[in-house]
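Here is what each chain is made of, one letter per residue.
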Amino acid sequence: TALLVGTVHGVFVNFITPAAKANQAWVRLGSCAQFPLVLVAGLSYEPKDDTLIAATMGRGAYVVPGAIGELKKMMV
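Residues numbered from 1 in each chain as written. Predicted model: local features only at pLDDT ≥ 70, side-chain atom pairs only at ≥ 80, totals over all residues. Heavy atoms only, no water.

Comments concerning the pairing of strand 5 (residues 51-56)
Here comes step 1: Pairing of strand 4 (residues 40-46) with strand 5 involves 6 bridges; the strand directions are antiparallel. Paired with L43 across the strands is A54, a residue of strand 5.
Here comes step 2: Taking the residues that link successive antiparallel strands as the turn, the strand 4-strand 5 hairpin has 4 residues, and the phi of D50 there is positive, at about 50°.
Here comes step 3: Counting the residues between successive antiparallel strands, the hairpin from strand 5 to strand 6 (residues 61-65) contains 4 residues, one of them, G58, with a positive phi of roughly 90°. (Pairing = 2+ DSSP bridges. Helix = DSSP H or I, 4+ residues; strand = E, 2+ residues; numbered from the N terminus.)

With respect to the sheet that holds strand 3 (residues 27-28)
Here comes step 1: If you walk across this open sheet you meet the 3 strands as 1-2-3, and the pairing is antiparallel. Unpaired on one side and paired on the other, strand 1 (2-7) and strand 3 mark the two borders of the sheet.
Here comes step 2: As judged from the 6 bridges shared by strand 1 and strand 2 (residues 10-15), these two strands associate in the antiparallel manner. When the bridges of strand 2 are listed, G6 appears paired with V11.
Here comes step 3: Against the sheet, helix 1 (residues 67-75) touches strand 1, strand 2 and strand 3, its axis set at about 65° to strand 2. (Contact = heavy atoms within 4.5 Å. Axes fitted to C-alpha atoms, helices over the stretch in contact; angles between N-to-C directions.)

Some words on the nonpolar core
Here comes step 1: If you look at the biggest cluster of nonpolar residues, it comprises 12 residues: V11, V13, F15, L29, F35, V38, V40, L52, A54, V64, A67 and L71.
Here comes step 2: Elements with a contribution of two residues or more to this core: strand 2, strand 5 and helix 1.
Here comes step 3: For this core, the element with the most residues is strand 2, which contributes 3 residues.
Here comes step 4: Ignoring sequence-local partners within four residues, the contact set of V13 consists of A2, L3, L4, A25, W26, V27, L29, L71 and M74. (Core = buried A, V, L, I, M, F, W, Y, C linked by side-chain atoms within 4.5 Å. Buried < 20%, exposed > 50% of the residue type's maximum accessible area, 1.4 Å probe, protein only.)

Here it is in C-alpha cells:
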C-alpha cells in the first residue's frame, strides 16, 4: 500500500507495509525533469486506466500512466 501526498515540492510517496518502521522516509515521485518542483493542489487515481493525475498550481496537470508499475519500481 502506498500513501501519496501533494506538497509544495511535488508528489511524495510513503509505502505502508506490515513490517513498516515508524520513521520510514518519504520519497519524491519522479525526477525534476519528469515532474517539476511545483505545488500540487490535487491528486486523482483512476483505477480503470491505472493513471495518476496531479493538478499543479501554474504548471498544468501531470499524468502518470501505469502508476502501479511506477510505484513498484520505487519500492525496490
